[in-house]
Amino acid sequence: MFFIDPDGMAPIGSLASYGFKDFSDSFAEVERREESESSESSENSENDPPDYFDKDTGEYLGKGDTDEIRFISKKDWNDGKLQNYSRSPNNSKVEAMIYLYYAEKYDLIPQNAKGAMFCCKNINGWSTSHQDGILTFNFERNSIGLGVLNRFDAINVLVHEFGSHGIDHLNGIEYIRGVNDHLWEYRATRAEINHWSWHDTSKTYKIDSYKYYGRYLTKPEIKNFYKKYEADK
Ligand SMILES: [Zn+2]
């Protein structure tokens with residue numbers, strides 16, 4: 001069990017009910033305490049302004065004036081130089097902290113998971129793996145800034161991965177490529193397009209989603225959720 005002091009790295013707020021361990025530059029992990037109380041109720045974020053994070057640590061700093069996820073040095077943040085931001089995190093540890101932040105803030109770690117890990121591996125896109133009740137959210141380096149541009153994108157990809165694949169894993173459903181992968185993706189894609197965050201995901205995110213997951217949906221679902229992006233694909 002790892003309940004190590006976050007050492008200033010963890011996002012503020014709701015991590016109080018979690019242990020936290022930093023494995024390496026590529027990992028951020030929380031372990032859910034079995035007796036942990038129900039987390040604070042998630043804000044409905046529809047009207048939230050944008051989010052700024054410390055580019056060196058991933059610490060959440062506060063809100064600015066757009067919907068994007070932005071990275072900035074703490075000094076520039078403190079000095080109000082909000083124009084000195086970048087769209088991509090400095091390293092994979094910072095990137096892991098951003099996914100961890102949104103997973104915690106919007107309660108996107110399945111209740112029956114014993115823990116959650118956020119990890120940058122050599123993969124394209126995202127995936128979810130499972131071992132002994134602990135879910136791992138794997139992401140492609142620089143997924144934030146390229147495919148995930150605003151917080152709704154980050155929330156939505158977590159809904160797909162943890163909210164569908166993660167729950168399937170925890171329920172003991174076996175993933176067999178070529179046999180039931182279509183159903184896995186169908187469930188996950190339906191989860192993401194029916195989630196409240198879908199409406200405000202970026203155009204880039206919607207186009208990617210259509211490109212990779214559109215084929216899993218029914219024609220009426222494609223018409224409802226993707227049709228207007230088809231011309232851009
Ligand atoms: Zn998937």
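Note that residues are indexed from 1 along each chain, following the sequence as it is written. pLDDT decides what is reported in this predicted model: residues at 70 or higher carry local features, side-chain atom pairs at 80 or more are listed and counted, and totals for whole chains, interfaces and linings draw on all residues regardless.

Caption draft 1: Region of interest: helix 2 (residues 92–105). Helix and strand definitions follow DSSP, with helices as H or I runs of at least four residues and strands as E runs of at least two, each counted in order from the N terminus. Given the number of residues in a helix, its expected span is that number minus one, multiplied by 1.5 Å. Helix length check: helix 2, at 14 residues, gives a terminal C-alpha distance of 20 Å against a target of 20 Å (1.5 Å per residue), a fit within 8%. The exposure scheme places C-beta atoms from the backbone and then counts, for each residue, the other C-beta atoms within 10 Å of its own, assigning buried at 20 or more, exposed at 12 or fewer, and partly exposed in between. Among the 14 residues in helix 2, 14 count as buried, and that is most of the element. The first or second residue beyond helix 2 is Asp107, which carries a positive phi of 55 degrees.

Caption draft 2: Quick peek at the packing of helix 2 against helix 4 (residues 151–170). Structural elements are reduced to axes, namely lines fitted to C-alpha atoms, with helices fitted over the stretch in contact, and the angle between N-to-C directions of any two is expressed from 0 to 180 degrees. With their axes 10 Å apart at the nearest point, helix 2 and helix 4 run at an angle of 80 degrees to one another. For the element pair helix 2 / helix 4, the angle class is roughly perpendicular. Residue-level contacts link Ile98, Tyr99, Tyr102 and Ala103 of helix 2 to Arg151, Ala154, Ile155, Leu158 and Phe162 of helix 4. Think of it as three bins: nonpolar holds Ala, Val, Leu, Ile, Met, Phe, Trp, Tyr, Cys and Pro, charged holds Asp, Glu, Lys and Arg, and polar takes everything else, Gly as well. Grouping the constituent residues of the contact of helix 2 with helix 4 by class yields eight nonpolar, no polar and one charged. Our angle categories are set so that under 35 degrees counts as roughly parallel, over 145 as roughly antiparallel, 65 to 115 as roughly perpendicular, and the remainder as oblique. It is the C-beta atoms, placed from the backbone, that decide contacts: two residues are in contact if theirs lie within 7 Å.

Caption draft 3: The sheet that holds strand 4 (residues 60–63), seen in detail. Here the rule is simple: two strands pair whenever DSSP picks up at least two bridges between them. Taken in spatial order, the three strands line up as 4-3-5 in an open sheet, and their pairing is mixed. Here the strands that pair on one side only, and so sit at the sheet edges, are strand 4 and strand 5 (69–72). Within this sheet the neighbouring strands show an average axis-to-axis angle of 30 degrees, counted without direction. Pairing of strand 3 (residues 51–54) with strand 5 involves four bridges; the strand directions are parallel. Bridge pairing links Tyr52 to Arg70 in strand 5.

Caption draft 4: The nonpolar core, seen in detail. Ranked by size, the top nonpolar core spans 38 residues in total, and within it Ile98, Tyr99, Tyr102, Ala103, Leu108, Ala154 and Leu158 carry the most contacts. Counting only elements with at least two residues in this core, the list comes to strand 3, strand 5, helix 2, strand 6 (115–120), strand 8 (134–139) and helix 4. Top contributing element to this core by residue count: helix 2, with nine residues. Apart from the residues within four sequence positions on either side, Tyr99 is in contact with Phe118, Phe137, Phe139, Ala154 and Leu158. A set of buried residues qualifies as a nonpolar core if it consists of Ala, Val, Leu, Ile, Met, Phe, Trp, Tyr and Cys joined through C-beta atoms within 7 Å.

Caption draft 5: Representation of the pairing of strand 7 (residues 126–131) in the model. Judged from the six bridges that link them, strand 7 and strand 8 form a sheet pairing that is antiparallel. From the neighbouring strand, Trp126 faces strand 8, where its bridge partner is Phe139. The turn linking strand 7 back onto strand 8 is made up of two residues, and Asp132 within it adopts a positive phi angle of 50 degrees.

Caption draft 6: Structural view of the pairing of strand 3. Alternating residues of strand 3 divide into Asp51 and Phe53 and Tyr52 and Asp54, and every residue in both groups is buried. Hairpin connection from strand 3 to strand 4: five residues lie between these consecutive antiparallel strands, with Gly58 at a positive phi of about 85 degrees.

Caption draft 7: Region of the structure containing helix 4. To get the bend at a given residue, fit one axis to the seven residues ending there, fit another to the seven starting there, and take the angle between those axes. In the structure, helix 4 departs most strongly from a straight axis at Val159, where the bend amounts to approximately 30 degrees. Burial of helix 4 is extensive: 17 of the 20 residues sit out of reach of the surface. Just downstream of helix 4, Gly172 is the residue with a positive phi angle, here 80 degrees.

Caption draft 8: Expanded view of unusual backbone geometry. Even without being glycine, Asp132 reaches a positive phi, approximately 50 degrees. The backbone of Asn142 sits at a positive phi, close to 70 degrees, despite the residue not being glycine. Relative to the assigned elements, Asn142 resides in the loop between strand 8 and helix 3 (143–146).

Caption draft 9: Here's a closer look at the environment of His199. Position of His199 relative to the elements: it lies in the loop between helix 5 (181–193) and helix 6 (203–213). For His199, a count of 12 C-beta atoms within 10 Å corresponds to the exposed category. Distance in space between the C-alpha atoms of His199 and Asn156 is 9.9 Å, their sequence separation being 43 residues.

Caption draft 10: Spotlight on the packing of helix 4 against helix 5. It is the contact of helix 4 with helix 5, at a shortest axis distance of 8 Å, that shows an interaxial angle of 140 degrees. Relative to helix 5, the element helix 4 lies oblique. Every pair of crossing elements has a handedness; the one defined by helix 4 and helix 5 is right-handed. Packed against helix 4, whose contacting residues are Asn156, Val159, His160, Gly163, Ser164, His165 and Asp168, the element helix 5 presents Trp184, Arg187, Ala188, Ala191 and Glu192 at the interface. Split by residue class, the contact of helix 4 with helix 5 holds four nonpolar, five polar and three charged. Crossings are assigned a handedness: left-handed for a near helix turned anticlockwise from the far helix by less than a right angle, right-handed for a clockwise turn.

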